[in-house]
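One-letter residues, chain by chain:
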Amino acid sequence: MTIVEFPDPESADEDGLVAVGGDLAPESIVLAYKSGIFPWPIHERLLAWFAPPERGVLFLDEFHISRRLGEQLKKHSFDVAVDRDFVGVISHCAEVKNRGDQDGTWITSGMIEAYTQLFEMGIAHSFESYRDGELVGGLYGVQIGSYFAAESSFYRHTNASKIAMVTLVDYLRSKNIAWFDCQVITPFSASFGARPVPRKEFMKMLKRAV
């Protein structure tokens, strides 16, 4: 059954857990994002929903890249695309093992199916890096109005996921979007300038964006 209402994000516990259960119907996922909440399955059979006390946000006017990445961009070492192979991107993201102390992946088969539906509805998008015609890096996320949530990334060649991030930023700038949600701060997002924003402030930003 489609979820019709989520708890107040301020009711989340210290880890940001706000609810357990429900479904991954497209309408449920969209409502979650609009409510400042995102799905993060603990395993295939346990669906959890989170609203962390601090949200990772990257403001585009604070976005920066390293000198080495800038040099690689000038060399056009990769071909890039948007929405060419969403299923390939999310499937590769599900295979990533280098996630610090996290055990396994939250990108379950149910998540892949649900976000593929969102892609077919024009709500989810993928940003891709190719070399010699092969998909070697990418990331995907969800766009609702002027709100974008970056979900996950992968790479099979050095800097391929970073090139995909630059493609995402170019896309957002073309849509006059000023910031995007990284959900939690990781070394990857922090390297581009992402920083934590208190949940109350994030909720105000989200309300304006959606």
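Conventions and cut-offs
- Residues numbered from 1 in each chain as written.
- Predicted model: local features only at pLDDT ≥ 70, side-chain atom pairs only at ≥ 80, totals over all residues.
- Heavy atoms only, no water.
- Helix = DSSP H or I, 4+ residues; strand = E, 2+ residues; numbered from the N terminus.
- Rg over C-alpha atoms; globule rule 2.2 N^0.38 Å.
- Buried < 20%, exposed > 50% of the residue type's maximum accessible area, 1.4 Å probe, protein only.
- Contact = heavy atoms within 4.5 Å.
- Lys, Arg positive; Asp, Glu negative; His and termini not counted.
- Charge placed at Lys NZ, Arg CZ, Asp CG, Glu CD.
- Phe/Tyr/Trp six-rings, centres within 6.5 Å; stacked < 30°, edge-to-face > 60°.
- Lys NZ or Arg CZ within 6 Å of the ring centre and 35° of its normal.
- Pairing = 2+ DSSP bridges.
- Salt bridge = Lys/Arg side-chain N within 4 Å of Asp/Glu carboxyl O.
- Core = buried A, V, L, I, M, F, W, Y, C linked by side-chain atoms within 4.5 Å.

J.: Help me understand the overall build of the protein, please; the structure alone is not making it clear to me.
T.: Of the regular secondary structure elements, the protein holds seven helices and ten strands. In terms of overall dimensions, the protein is globule-like: its C-alpha atoms have a radius of gyration of 16 Å, near the 17 Å expected for 210 residues. Summarising its shape, the C-alpha atoms of the protein cover approximately 50 × 35 × 35 Å along the three principal directions. Taking all 210 residues of the protein together, the buried fraction comes to 53%. For the protein, restricting intrachain contacts to residue pairs at least 6 apart in sequence, the fraction spanning at least 24 positions comes to 71%. The distance from the centre of the 21 positive side-chain charges to the centre of the 28 negative ones in the protein is 8 Å.

J.: Can you help me understand the packing of aromatic side chains in this one?
T.: Each aromatic ring pair is characterised by the separation of its centres together with the angle its planes make. Per the stated rule, a full pass over the model turns up 15 aromatic pairs. Between F38 and W40, the ring centres sit 5.9 Å apart and the planes meet at 40°, which makes this aromatic pair tilted. With centroids separated by 6.0 Å and ring planes inclined at 75°, the aromatic side chains of Y115 and Y140 adopt a geometry described as edge-to-face. Taken together, the residues span a long stretch of sequence, with Y115 in helix α4 (residues 109-120) and Y140 in strand β7 (residues 134-144) at a distance of 25 residues. Residue classification places Y140 among the buried positions, given a relative accessible area of 0%. A cation over a ring is seen here: R84 above Y130, with NZ or CZ 4.6 Å from the ring centre. Directly above the aromatic system of F78 lies the positively charged group of R131, at a separation of 4.4 Å from the ring centroid.

J.: Looking at this structure, how should I read the environment of M165?
T.: Position of M165 relative to the elements: it lies in helix α5 (residues 160-174). Along the sequence, M165 and Y140 sit 25 residues apart, while their C-alpha atoms lie 9.6 Å from each other. Each residue touching M165, except ones within four places of it in the same chain, is listed here: F63, L139, F180, F188 and F192.

J.: Please clarify how the sheet that holds strand β3 (residues 48-50) should be interpreted in this entry.
T.: What holds strands together in a sheet is hydrogen bonding between their backbones, with the strands either parallel or antiparallel. Read from one edge to the other, the open sheet built from three strands follows the order β1-β3-β2, with strand pairing classed as antiparallel. Since the sheet does not close on itself, it has two edges, and those belong to β1 (17-20) and β2 (38-39), each with one partner. Note that β1 and β3 share three bridges and pair antiparallel. What sits directly across from L17, in β3, is F50.

J.: Would you mind showing me how to read the pattern of salt bridges here?
T.: For side chains of opposite charge, pairing can occur when their charged atoms come near one another. One pass over the full model with this rule turns up four salt bridges. Among the ionic pairs, R199 bridges to E10, the shortest N-O distance being 3.1 Å. Taken together, the positions of R199 in helix α7 (residues 199-209) and E10 in the segment before β1 put the pair 189 residues apart, joining distant regions of the chain. What makes E10 partly exposed here is its relative accessible area of 38%. The closest approach of N and O atoms between E95 and R156, which form a salt bridge, is 2.9 Å. Taken together, the residues span a long stretch of sequence, with E95 in helix α3 (residues 86-95) and R156 in the loop between β8 (147-155) and α5 at a distance of 61 residues.

J.: Explain unusual backbone geometry to me, please; I cannot follow it from the model alone.
T.: When glycine is set aside, most residues are seen to have a negative phi, and most peptide bonds are trans. Despite not being glycine, D132 has its phi angle at roughly 55°, a positive value. By secondary structure assignment, the location of D132 is in the loop between β6 (124-131) and β7. The backbone of Q183 shows a phi angle near 70°, a positive value even though the residue is not glycine.

J.: Can you walk me through the nonpolar core in this structure?
T.: Taken as a class, soluble globular proteins show a tendency for nonpolar side chains to be buried jointly. The biggest cluster of nonpolar side chains holds 48 residues, and the ones touching the most others in it are Y33, W49, Y115 and Y147. In this structure, Y147 is in contact with Y33, R55, V142, W179, D181, F202, L206, A209 and V210, ignoring residues within four places of it in sequence. Counting residues in hydrophobic clusters, the runner-up holds 24 residues, among them I163, L172, I177 and C182.

J.: Help me understand the environment of I123 in this model?
T.: Tracing the sequence through the fold places I123 in the loop between α4 and β6. Classification of I123 by relative accessible area gives buried; the value is 16%. As a C-alpha pair, I123 and N159 span 36 residues in sequence and 26 Å in three-dimensional space. Setting aside residues up to four positions removed in sequence, I123 forms contacts with V30, L118, G141, V142, Q143 and I144.

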